[in-house]
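Next come the chains, spelled out residue by residue.
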Amino acid sequence: MALAASDGKLLYANPRFAAILGSPRAERSGGHLRQLVGSEGWKQFGVAFRRASSRPIEVERKVLPPSGKLRTIRLSFARMRGPGSIVRIFATDVSELSEARASLKSAEEYLHSLSGRILRLQDEERRRMARDLHDLTGQKLAVAVISLSRLVKNATGLDDKDREELNDSLKAIRVVEKEIRTLSYLLHPPLLEDHGLASTLRSYIEGIIKRSGLQIALEISPDFGRIEIHKEMALFRVVQESLTNVLRHSGSSRALIRAQRSPNEIRISVEDRGKGIDAETLARLESHHETLGVGIPGIRERLKQLGGTLEIHSDKSGTRIVASVPASGDAIIAR
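None of these values were measured; they are calculated from a predicted model.

Participant: Account for the overall build of the protein chain, naming residues and giving values.
Facilitator: Looking only at helices and strands, one finds 9 helices and 10 strands in the protein chain. The C-alpha atoms of the protein chain give 33 Å as radius of gyration, which overshoots the globular expectation for 335 residues (20 Å, by more than 25%). Reported as C-alpha extents along the three principal axes, the dimensions of the protein chain are approximately 120 × 45 × 40 Å. Counting over 335 residues, the protein chain shows a buried share of 40%.

Right under this line is the structure:
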């Protein structure tokens, strides 16, 4: 600790204060704070020292003491109560804390980059699976449907039971063929790359309404336009996951989707009138401890990679999920 007058003259400085700042000796009184922090340090500390007359302030800087090891020092300035303009100064060696923060930041940056790669690989795998299901499995099922249809039409000498079983087999394969097409679309909607998010949402919601009976209103701003494909995919996944949760968990028969664009932001919201999310589940979703790539946590990470955010608002009257990404700029998802 040290005490200094308003002009920077030291009234007191204990040995530890001087040692932390790298001074070869402890200035007890009569010297100037500049002597302890050096000319370069005073450029920064002097500003903080003067401001301390009106409010407490903290600054950090690197110092090179006689030991030769670079240290990080935090100085806390505060005016003392009472007559005069005496400033109390605490010096703290925060080198280890600074190093820990740097290590933590490096680890977070690495995890951020790794998460981006995982999400990109996930998208590429979904795209490949969707293509294989459509082009290979789907085509083979289509051939099977054609062959069975011809067999049903031209078969002779079959009793009623055999003909019924043949028709049942044909119906089953047609159902599987339809499910394969749906699964392929859900894995990677083909409209997205060619026609954009707005057209894809209209087509996807139309299919959801037909399959589930859920009443869905879609509002898209006229100037919505196109954005980077990674952002369109992320926002599509928000709608996809949100509607899945509405169908599975909310008990709501209605949903409202809004897609809006402003000069700085693209925003998608999905709202229902269901029973809401219980407090424990909501806290777990907000804690970010869920497995990456699964449900809401995976979507949140995907948006984070793009500089966006995800908000969840829920109570007994329903749930509203709001996702946003920057309207301009390159996608920053790691490659």
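Having put the structure on the table, let's press on.
Participant: Break down a negative patch on the surface for me, with residues and values.
Facilitator: A contiguous patch of negative charge on the surface is contributed by Asp159, Asp160, Asp162, Glu164, Glu165 and Asp168. Assignment of secondary structure puts Asp162 in helix 4 (residues 160-187). According to the relative accessible area criterion, Asp162 is partly exposed, its value standing at 35%.

Participant: Tell me about the sheet that holds strand 9 (residues 309-315), and please be specific about residues and values.
Facilitator: Ordered in space as 6-7-8-10-9, the 5 strands form an open sheet in which the pairing is mixed. Single-partner strands in this sheet number two, and they are strand 6 (215-220) and strand 9. For this sheet, the mean inter-axis angle between neighbouring strands, taken without regard to orientation, is 10°. Pairing of strand 8 (residues 265-272) with strand 10 (residues 318-326) involves 7 bridges; the strand directions are antiparallel. Following the sheet pairing, Val270 is matched in strand 10 by Ile321. Packed on one face of the sheet, helix 6 (residues 197-212) meets strand 6, strand 7 (254-261) and strand 8 and runs near 170° to strand 6.

Participant: Can you tell me about the environment of Arg101, naming the residues and giving the values?
Facilitator: Along the polypeptide, Arg101 turns up in helix 3 (residues 95-154). Relative accessible area serves as the criterion here: at 37%, Arg101 is assigned to the partly exposed category. Look past the residues within four positions of Arg101 in its chain and what remains in contact with it is Glu60 and Arg74. A polar side-chain atom of Arg101 sits 3.3 Å from a polar atom in the side chain of Glu60.

Participant: Before we move on, could you go through helix 9 (residues 295-305) and cite the residues and values that matter?
Facilitator: A large share of helix 9 lies buried, amounting to 9 of its 11 residues. When we look at burial in helix 9, the residues that qualify are Ile296, Pro297, Gly298, Ile299, Arg300, Glu301, Arg302, Leu303 and Gln305. Of the surrounding secondary structure, the elements contacted by the buried residues of helix 9 are helix 3, helix 7 (229-250), helix 8 (279-286), strand 9 and strand 10.

Participant: Lay out the packing of helix 6 against helix 7 in plain terms, naming residues and giving numbers.
Facilitator: The contact between helix 6 and helix 7 brings their axes to 11 Å, and the two run at 15°. Our classification of the angle between helix 6 and helix 7 gives roughly parallel. Of the two possible hands of crossing, helix 6 and helix 7 adopt the one that is right-handed. Facing Leu197, Thr200, Leu201, Tyr204, Ile205, Ile208 and Ser212 of helix 6, the residues of helix 7 in contact are Glu232, Leu235, Phe236, Val239, Gln240, Leu243 and Leu247. Split into classes, the residues belonging to the contact of helix 6 with helix 7 amount to 10 nonpolar, 3 polar and 1 charged.

Participant: Give me the lowdown on the nonpolar core, citing residues and values where you can.
Facilitator: Judged by nonpolar contacts, the single largest core of 38 residues is most densely connected at Leu235, Leu243 and Leu303. Looking at this core, the elements with two or more residues in it are helix 6, helix 7, strand 7, strand 8, helix 8, helix 9, strand 9 and strand 10. Sort the elements by how many residues they give to this core and helix 7 lands first, with 8 residues. The residues touching Leu243, leaving out its near neighbours within four places in the chain, are Tyr204, Ile205, Leu214, Ile216, Ala255, Ile257 and Val270.

Participant: Tell me about the sheet that holds strand 5 (residues 87-93), residues and numbers included.
Facilitator: Taking strand neighbours across the sheet as the criterion, the 5 strands line up as 2-1-5-4-3 in an open arrangement whose pairing is antiparallel. The sheet terminates laterally at strand 2 (10-13) and strand 3 (57-63), the two strands that pair on one side only. When the angles between neighbouring strand axes are averaged without regard to direction, this sheet yields 20°. In the sheet, strand 1 (residues 2-4) pairs with strand 2 via 3 bridges, with the strands oriented antiparallel. When the sheet's bridge partners are listed, Leu3 is paired in strand 2 with Tyr12. Those strands touched by helix 3 are strand 3, strand 4 (71-79) and strand 5, and its axis lies near 115° from that of strand 4.

Participant: Tell me about the side chain of Ser250, and please be specific about residues and values.
Facilitator: Take Ser250: it is sitting in helix 7. Looking at Ser250, the relative accessible area reads 8%, which means it is buried. Polar contacts involving the side chain of Ser250 include one to the main-chain carbonyl oxygen of Val246, which spans 2.7 Å. Reaching out from Ser250, the side chain makes a polar contact with the backbone nitrogen of Ser252 at a distance of 3.0 Å. When near neighbours in sequence (up to four residues on either side) are disregarded, Ser250 contacts Asn245, Asp272, Gly274 and Lys275.

Calculation rules
- Residues numbered from 1 in each chain as written.
- Predicted model: local features only at pLDDT ≥ 70, side-chain atom pairs only at ≥ 80, totals over all residues.
- Heavy atoms only, no water.
- Helix = DSSP H or I, 4+ residues; strand = E, 2+ residues; numbered from the N terminus.
- Rg over C-alpha atoms; globule rule 2.2 N^0.38 Å.
- Buried < 20%, exposed > 50% of the residue type's maximum accessible area, 1.4 Å probe, protein only.
- Patch = residues over 30% accessible without salt bridge, like charges linked within 9 Å, V, L, I, M, F, W, Y side chains within 5 Å.
- Areas by Shrake-Rupley, 256 points an atom, 1.4 Å probe, with all protein chains shown as cover.
- Salt bridge = Lys/Arg side-chain N within 4 Å of Asp/Glu carboxyl O.
- Lys, Arg positive; Asp, Glu negative; His and termini not counted.
- Charge placed at Lys NZ, Arg CZ, Asp CG, Glu CD.
- Pairing = 2+ DSSP bridges.
- Axes fitted to C-alpha atoms, helices over the stretch in contact; angles between N-to-C directions.
- Contact = heavy atoms within 4.5 Å.
- Polar contact = N/O pair within 3.5 Å; in protein donor to acceptor, adjacent residues only side chain to side chain.
- Parallel < 35°, antiparallel > 145°, perpendicular 65-115°, else oblique.
- Left-handed = near helix turned anticlockwise from the far one by under 90°.
- Nonpolar A, V, L, I, M, F, W, Y, C, P; charged D, E, K, R; others polar.
- Core = buried A, V, L, I, M, F, W, Y, C linked by side-chain atoms within 4.5 Å.

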